[in-house]
Amino acid sequence: MTGLVIRPLVAGEENLFDSMPDPLPQLRQVAYADGIAGGGYRPENTWVALRAGRVVGRAAWVLPPGAIGAPWLERFDLDAEPEVGAELLQAAHEALGGPGLYYAALPAHWRRRPEVLAVVRAPMAAARLAGLVERGERLRCSWTGTPLPASSGRYDFRAPVDAAEINALVARIAEPDVLTGVETARAVGGVDLATDPLGWLGDAVQGWRVAWEAGRPVGLAGTAGDACFPLLAYLGLLDEAARPELLAEAVRVLVAGGAREVIADVEAHRVAVLAELERTGFRQLRTRVTFAPPSSRE
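Residues numbered from 1 in each chain as written. Predicted model: local features only at pLDDT ≥ 70, side-chain atom pairs only at ≥ 80, totals over all residues. Heavy atoms only, no water.

Visitor: Looking at this structure, how should I read the nonpolar core?
Guide: For soluble globular proteins, the rule of thumb is that nonpolar side chains tend to be buried together. Counting 31 residues, the largest nonpolar core has Phe76, Leu89, Tyr102, Trp110 and Phe291 as its most contacted members. Of all elements in the fold, only β2 (41-51), β3 (54-62), β4 (72-78), α3 (82-96), β5 (102-107), α4 (114-129) and β13 (283-292) reach the threshold of two or more residues within this core. Counting residues per element, this core draws most heavily on α4, which supplies seven residues. Residue contacts for Phe291: discarding those within four places in its chain leaves Gly100, Leu101, Tyr102, Ala104, Met124, Ala127, Arg128, Leu132, Val133 and Glu134. Membership of the second largest hydrophobic core comes to 25 residues, among which are Val178, Ala242, Val251 and Ala259. (Core = buried A, V, L, I, M, F, W, Y, C linked by side-chain atoms within 4.5 Å. Buried < 20%, exposed > 50% of the residue type's maximum accessible area, 1.4 Å probe, protein only. Helix = DSSP H or I, 4+ residues; strand = E, 2+ residues; numbered from the N terminus. Contact = heavy atoms within 4.5 Å.)

Visitor: Hey, could you run me through the pairing of strand β12 (residues 262-267) in this one?
Guide: The two faces of the sheet receive side chains in turn, since in a regular strand these alternate between them. Judged by how many residues are buried, β12 sits mostly within the fold: five of six residues are covered. Direction of pairing for strand β6 (residues 133-143) relative to β12: antiparallel, over a ladder of six bridges. Each bridged residue has a counterpart across the sheet, and for Cys141 the counterpart in β12 is Ala264. (Pairing = 2+ DSSP bridges.)

Visitor: Please clarify how the environment of Ala214 should be interpreted in this entry.
Guide: With respect to the helices, strands and loops of the structure, Ala214 is situated in the loop between β9 (208-213) and β10 (216-224). For Ala214, a relative accessible area of 80% puts it in the exposed group. Residues Ala214 and Asp156, spaced 58 residues apart in sequence, show a C-alpha to C-alpha distance of 8.9 Å.

Visitor: For this particular structure, what's the right way to read α4?
Guide: In an α-helix, one turn spans 3.6 residues; hence positions three or four apart end up facing the same way. Its 16 residues place the ends of α4 22 Å apart at the C-alpha level, agreeing with the 22 Å of an ideal helix rising 1.5 Å per residue. Along α4, the sharpest kink reaches roughly 35°, centred on Val120 and followed within four residues by the proline Pro123. Regarding α4, the residues found buried are Val116, Leu117, Val120, Ala122, Pro123, Met124, Ala126 and Ala127. Contacts from the buried residues of α4 go to β4, α3, β5 and β13. (Expected span 1.5 Å × (residues − 1). Bend = angle between axes of the 7 residues up to and from the residue.)

Visitor: I'm lost on unusual backbone geometry in this one. Help?
Guide: Peptide bonds are, in most cases, trans, and in most cases residues other than glycine have a negative phi. A positive phi angle, near 50°, is found at Ala52, a position not held by glycine. Note that Ala52 resides in the loop between β2 and β3. With a relative accessible area of 84%, Ala52 lands in the exposed category. If you check the backbone angles, His109 has positive phi at about 60° while not being a glycine. Considering the arrangement of structural elements, one finds His109 in the loop between β5 and α4. In this structure His109 comes out as partly exposed when scored by relative accessible area, which is 34%.

Visitor: I keep staring at the pairing of β10 and nothing clicks. Help me out?
Guide: Buried residues dominate β10, accounting for eight of its nine residues. Pairing analysis gives six bridges linking β9 to β10, with the strands arranged antiparallel. Paired with Trp208 across the bridge in β10 is Gly222. In this sheet, strand β11 (residues 231-237) lies alongside β10 in antiparallel orientation, the contact comprising six bridges. Within β11, the position partnered with Ala224 by the bridge is Leu231.

Visitor: Explanation requested: the packing of helix α8 (residues 243-256) against helix α9 (residues 271-279) in the structure shown.
Guide: Between two packed helices, what matters for the description is the angle formed by their axes and the separation of those axes. Following both chains from N to C, one finds α8 and α9 inclined at 50°, their axes separated by 10 Å at the closest point. Relative to α9, α8 is oriented oblique. For the pair α8 and α9, the sense of crossing is right-handed. Residue-level contacts link Arg243, Pro244 and Leu247 of α8 to Ala272, Val273, Glu276 and Leu277 of α9. (Axes fitted to C-alpha atoms, helices over the stretch in contact; angles between N-to-C directions. Parallel < 35°, antiparallel > 145°, perpendicular 65-115°, else oblique. Left-handed = near helix turned anticlockwise from the far one by under 90°.)

In structure tokens form, the structure reads like this:
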């Protein structure tokens, strides 16, 4: 395209990435400078499209230090037609060894917000033109101190005896309700959080709770209070009736450890789970739409 330059950054050009105004400043995102300082972002994995010296497109792939997976596209902004964004992605894909995952971060309720749609249409169209396919959406929710529902006394809660008890219950739960950080666990540690949560969270059982009714386990929740922020990492059920009280109990575990905010991720299509999170006091923070190569199993 006439007057268009597409290339990766070189060391010392980090400010060029930030010369493009942030089109969605309401999103909580790691600043590019902080990502560079932490080693997740790297100039050679960051590409820009320039017209007359002005950045009209930028794309940054991230891979935390020590990660065993491939970099994924974390930031992709476009102030140009979708074809420019597609050319930018295709050039980067060729240099990086092929297309990978793109997690498009968007504000909560983005489909109902015209001002957000006006920003995200072009990069999402560019991703499709570059051969990526939309594969799902995950919502991030936050609890920030709303009073929790009182316990009915129907269920008993206790910490698991050991890791073996957790693993045995996980094996019985086909589709967990809540998996927070599943993308990071897979890319950084090669761990499937749904089937091997301890492979990511470690073997300590103190942050876990098993819900019991009439002598039988009906649910399992795992929290992480010492991660980058307190989070409900795992919640799975053997009886859906236990969902409200197990969810509230997991939040209480974190609050007892000093948490003032609790994060939980849920698949957008899990309407009943999302409704229960909201009844417990969680509110949507943002969403991530996953784009993947057609051959990917993501």
